[in-house]
Each structure stands twice: as structure tokens, then as C-alpha cells.
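Each chain, written out:
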Amino acid sequence: MVLYKVLLKGVLPFFIAKRSTRSLTVAKKLKNVLKKPKVIPKKPKVTKTPKPEIKKVKHQQSAATKTASQCPPLGLESLRVKDAQLRASSYKRQGLGPHRGRLNIQSGIDDGDIYDGAWCARYKDKNQWLEVDAQKLTRFTGAILQGRNSIWRSVWDMVQTYKVQFSNDTLLWKPCMNGSKEAIFEGNQDIETPVLSLFDSPAVARYIRINPQTWYQNGTEGDICLRAEVLGCTLPEPTESRDKLDFKHHNYKEMRKLMKSVHDECPNITRIYSIGKSYKDLKLYVMEISDNPGKHELGEPEFRYVAGMHGNEVLGRELLLNLMQYMCQEYKRGNQRIVHLVKETRIHLLPSMNPDGYEMAFKKGSELAGWALGRYSYEGIDMNHNFADLNSVMWTAIELETDQSKLINHYFPIPEQYTSEEAFVAPETRAVISWMQNIPFALGANLHGGELVVTYPYDMTRDWAPREHTPTPDESFFRWLAAAYASTNQVMSNPDRRPCHNKDFLRYNNIINGADWHNVPGSMNDFSYLHTNCFEVTVELSCDKFPHASELPIEWENNRESLLVYMEQIHRGIKGVIRDKDTGVGIADAIIKVEDIDHHIRSVADGDYWRLLNPGEYRLTVSAEGYFPSSRTCYVMYDHFPTICDFNLTKIPRRRAKDILAKGGKLPKDLQLRLRQLRMRKLRVSTKAINQRRAAAKRAKRV
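Residues numbered from 1 in each chain as written. Predicted model: local features only at pLDDT ≥ 70, side-chain atom pairs only at ≥ 80, totals over all residues. Heavy atoms only, no water.

Draft legend 1. Main features of the sheet that holds strand β21 (residues 591-594). Strand order across the open sheet formed by four strands is β22-β21-β24-β25, with antiparallel pairing between neighbours. Each edge of the open sheet carries a strand with a single partner, namely β22 (597-602) and β25 (630-636). Taken pair by pair, the neighbouring strands of this sheet meet at an average axis angle of 30 degrees, ignoring direction. Of the pairings in the sheet, the one linking β21 to strand β24 (residues 616-623) comprises four bridges and is antiparallel in character. (Pairing = 2+ DSSP bridges. Helix = DSSP H or I, 4+ residues; strand = E, 2+ residues; numbered from the N terminus. Axes fitted to C-alpha atoms, helices over the stretch in contact; angles between N-to-C directions.)

In C-alpha cells:
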């Protein structure tokens, strides 16, 4: 099912055959909407002479099909329409002003919060309106309405019918017509389901007004409140990205086809593989980009991007599809930045972790899926709360253990109850955990949508507080990582941008500790940090979870540099190989400790390791079972490449002798001498202890 198909070049098919003005309810009532009051509302009175016609369309076609020939949204939801472009006849208070009349905007969590979830008129009459200034001549083709979002308001505040007017100067207004009569459009029947109305004939103007006629009433309760999006094509049409990529929304089959086309174009640096299946048996495809795809190379770090954990947050999916196209094209052109990334990094791109949820949202279309449709897996699981809660395991151990030396600070095992078949764990989550365990990722990012901010671990608060700053031992480097993305993102770094919903992240430079925003137990970021070597952040890419296809070129321009810069951070810090001093063979599972940072990592199968660190001087100690520990000082510079710190460990003599004898070999003289010295030292210690006990016994007899 395709979304609005808007030709960005060529003539748009606006002059379609005339048909009656219509509106269409496009989704069922969401489960998480506040319960409707039991009081039956009085039916709003509508003037009988002449009686306005409110025409409906039978649900014979999907919403996406019906809007295929229409214009894209102006950008109330995505914030392309600025606050100054919105006006209203009146408003109840600042938190319910016209700037809050944006589709899918969410209210604050505090009663009376200045950030409320709709525009609400001060007066209850038919003279109220919300006005949008497109700033250019625009061909308006439709509008989408929702009711008020509020966790405190028990009454449904929503508009049930409305009129539309157009103007070029705000003085003379022309009504939208339904034949020879002024059109009245059907609004909302609940507060969350978006309702689309298409105009009988497109109108060219600069300004548009939405003029409520009837609204939900419960006695004296019920206000005129709405959230809206307007469909329109500005004249002239917006420009495209300079990169020639496939800017559209791709369903599962189209995504698979695009990935195959990238592989066919760049077979020497790409590989497509699956890490598992969704509940509905859709494969979780990954695109690998490397100069030796399918193989871990000694010293080459592994990077991952994961998108689509919440199926309705679709921008990350499209950005990763764009990224794999872009890297293929630029590698073939000889772009040295991309060539270096491909040759020095093994990159893995998972564009859709929740394909079942995406397909649900995709069928409804861009502006019509609402805030939550497709967020969860087919089983109703929120995957960002579905990973093993290792934070609680760690904090419980810290509270109970009296001997701090026995505590671990990394590679926490997964609790047995979580791994059982009866555990409520999504197959998609299990697949990603297995993927994490099989590939030694050092850095990653989890792409979300609905806000503009980068969050870093921990995501979970220690005492289950709603929000509380909860840092990891690597707080400074996580802040570096988050800032690397946020500071190079064209929208996040804009000092004049407005908040998306109810929190102003500009105050925090667009980065925040995840737990300081809200408590997220079982997050992928925390699990990755505590169970593996991988550092991971969450990137909230846009205010709009499901931007229209026409906005994808702009979103690519906003995020292209950020995506590349963040990947390059994997080459910051220290890397090396830990080997056996005698054989030169790499040592797996060696523990790398950084002085004053209470979080260790481990070497992988071939003995190589990557320790991400900010510039500075560090004292490293490496230990492995059967070997003497080794320490050295390493310096991390501001260069765009890591400092190499290799370690050669010496086996403990008994372990060395055991290995040699097991192979049928003969002990070398130096080892024989070392073992003899150890036996003599042990004999002297034991003899001294025996003599001390005998002397004590003699003294006791004398007494």
C-alpha cells in the first residue's frame, strides 16, 4: 500500500474528476486512549434550513489509496510550519494556544502544563477558527483532524464538524464549497483517531482556516479543541536532495528489493543476511558493508545501526535504506571518506527490527496511523522494554555483596527465567540478542522517532523513579557520542527550533541521559552496555514519527552528516590485540580494565579489542585466566584514528607446563627451573608455617 504519491517534478494530478466533498475515518480507536465518559452526550444541533450536507465515503478502499493523488502535509506535525505561522480566533491559555494545534502533539504530564495537547478556543461558538499561513501560494487539497490529548481531562474535547475557508490577504475569505453549498466536513468521534477530509476541488491560496461548527458536549462540559495537519502543495515545488536516492516509503517487499539492488550494484562490499524472523515470519534482514563482507578481520571494529524497533517510527528505516544506497554510490565514485569507512569498519544496518508493526502503520499511511498504531510487535510487545533487565541484577548485587572485589561490572549473564520458552520475549528481541552475542559490536545506535534528541545510558532509574539522572561509569564518553550526532544534525543544532511536544531539549544541547528523561527498564541500550562490549545510544530523529514521503529528501539532508560522523566515532579510543607471549596466538575473553573507570570489556575470539575513550591518558591492565596480568599507559589523541595498545601475556608456569605436557612435548629448561623455584618457595612457606605451629604448641605446654 503506497502513501501519498506526490510528483516533485512534473505536473501534479490535481484536476481529478469532480466528486463530492468527503471525509474518512482511517483507524480504529486506540487501546491506550482515555476511556470515554459514561454520560451520553447531547447531539449537537445543526441548522435545519438549509441543512448542510456532510457527505461520507464508504470504506471500500484504503486511506492510502484515496490520498494517493493528493498533496503532502504542510508540516504542522513535523514543525516545518513554525509557531508564527499559526493563529487562532482565541485560546483558553498559553498551553492551549494555536502553536499546540499540531497533529499527534502530546500533552505534558503535569496538570495545567503549559505544553498541552491541542489548540482550544476560549469561546464556544461557531466563530472560532485555527489559521495556517503557508507563506506561499499553495494548492490546498485536504485536512486531517484529531481531538485534544490530555491525561488530566476526563471529557473528550474534539470537533465533530467544521468548515474551511481560504484567503490571500486574511481580509477576504472564500469558503470551501460542496457544489453550490458551503461544505461541512465530518470531524472526530474520538480524540486520537486521525480523520482525513479531502476537498471537492483544490484551492490555491496562502492562508487556510479551520472553522469548527459542532463539538463534543456533555452538559456544559466540552471545549472546541483540535490538532490538525493540512495537505497542500506549495508553488513552486520544493527542491530535492542532491543525492539520487530512492526517496519513498518501502514496505517489506520493496525494502527487500531495494537491498538486493544495492547488493547487485556493489557485490564486493555488501552482503545481505537474516538474523531471524518476526512473529508473522517476516525476515529481519541486515545489510553488511565491508571490504571483506562475511568475515571479521583482526583489528577491524564492528558497528551497527538498528531502526524500526517501534514499527510506526519509520524515518530510521528509510534513512538506513538511503545510507546503504549512498555508501555504495560514493564508494564506487571513490569518495575517500566512504572508502576509508568501508575498509576500516565492518558496518551492519538493520532497517526494520519490527516489520510486523511497520506493515500495520504503512497500510494506514503517513499522517493517518496516529501516535501508536504499529508501535508494538504483533503480540503487543514494546521491544524497547523487552530486553533482560540487567540493571536490577547489578544494583541488587551491589546492595547485597559485602566484598566489593567479588562484584562484576560487565558481561552480566542473562537471568535464567528470561531465557525460558515461557518468558514473554518477542522473537524479534531474541533474534537481536543472539545477533549481539555472535558479532563483537563495539558501537551502535538505535533509531527512533517522535522527538528530536539523543539519549544515552542508563535508560533505567535505580530506584524506579519516574526520571532521575542515572549515569554509567562511561558517562563522559556517552555524552561525547550523543553530542557527535546531535551537533551535526541540521535540525537539532538549529538554535531557533521549537520543542516537538512538551520538553525543550535545546536546554540540554539536544542530548540527555535516558533515565533523566523517563524510566525505561529493559532497554536495548542498557542491555548492550551490561551484557556485551557495545556502547549504544538512542537517536530520536524527528517530531513526526511517520513523515510524508515528500519530506524524506529533507530528512536525509538533515541526518546524512550525523549518520557518518557517528559511525566514525568507533575509531576513537584504544584498540589492540592480546596475545600469548610464547605462541603469538590471540587470547579470547581477556579482561581489559581502565583505571578509574568501573566498567571492563573483553577481547574477542582472535584476541582483538576496542575500548572507546575520550582523549586523555589511561592506565590499562589486561588479565586472562592462566596468565600473569600486564599493565601499561596508553594515550588517546584527538586524531580520527585509535591508539594501538597491544599486550603480550605470559602464562603462569603451571598452566604453561600443563599445556605443553598435554601436547606430548618436553618442558624447556627455563620452565623447569621456574617450576623448581616455585616448588622451593612453596616448601619454604609450608615449612615455616609448620615450625610456627610447633613452637606455639610447645609454649602452650609450658604454660
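Draft legend 2. Seen up close, the packing of helix α4 (residues 336-344) against helix α12 (residues 552-568). Where α4 contacts α12, the two axes come as close as 11 Å, and the packing angle between them is 40 degrees. For the element pair α4 / α12, the angle class is oblique. Considering how the two elements wind past one another, α4 and α12 form a crossing that is left-handed. Between α4 and α12, the residues in contact are Arg337, Ile338 and Leu341 and Glu561, Leu564, Val565, Met567 and Glu568, respectively. (Parallel < 35°, antiparallel > 145°, perpendicular 65-115°, else oblique. Left-handed = near helix turned anticlockwise from the far one by under 90°. Contact = heavy atoms within 4.5 Å.)

Draft legend 3. Representation of the pairing of β22 within the structure. Relative to β22, β21 runs antiparallel, the two sharing three bridges. Counterpart to Val594 in the pairing with β22 is Ile597. Between the antiparallel neighbours β21 and β22 lie two residues, among them Asp596 with a positive phi of about 75 degrees.

Draft legend 4. Geometry of α12. Counted at 1.5 Å a residue, the expected span for α12 with its 17 residues is 24 Å, and the 24 Å between its end C-alpha atoms agrees. Residue Asn559 marks the point of greatest curvature in α12, where the axis turns by about 40 degrees. Burial runs high along α12: 14 of the 17 residues are buried. (Expected span 1.5 Å × (residues − 1). Bend = angle between axes of the 7 residues up to and from the residue. Buried < 20%, exposed > 50% of the residue type's maximum accessible area, 1.4 Å probe, protein only.)

Draft legend 5. Spatial organisation of the pattern of salt bridges. By the definition in use, this model includes 30 salt bridges. Taking the shortest distance from any N to any O, the salt bridge between Glu551 and Arg80 comes out at 3.6 Å. Separated by 471 residues along the polypeptide, Glu551 in the loop between β19 (535-540) and α12 and Arg80 in the loop between α1 (63-66) and β2 (86-88) bring together distant segments of the chain. The exposure class of Arg80 is partly exposed, given its relative accessible area of 33%. Among the ionic pairs, Glu265 bridges to Lys332, the shortest N-O distance being 3.7 Å. With Glu265 in helix α2 (residues 252-265) and Lys332 in helix α3 (residues 315-333), this pair connects stretches of sequence that are 67 residues apart. Given the relative accessible area of 38%, Glu265 is considered partly exposed. Given the relative accessible area of 53%, Lys332 is considered exposed. Taken together, the salt bridges that share partners define one network made up of Arg93, Asp116, Arg148 and Asp157. (Salt bridge = Lys/Arg side-chain N within 4 Å of Asp/Glu carboxyl O.)

Draft legend 6. Broad picture of the environment of Asp496. Looking at the element boundaries, Asp496 is found in the loop between α9 (475-486) and β18 (511-513). For Asp496 and Leu506, which are 10 residues apart along the polypeptide, the C-alpha to C-alpha distance reads 9.2 Å.

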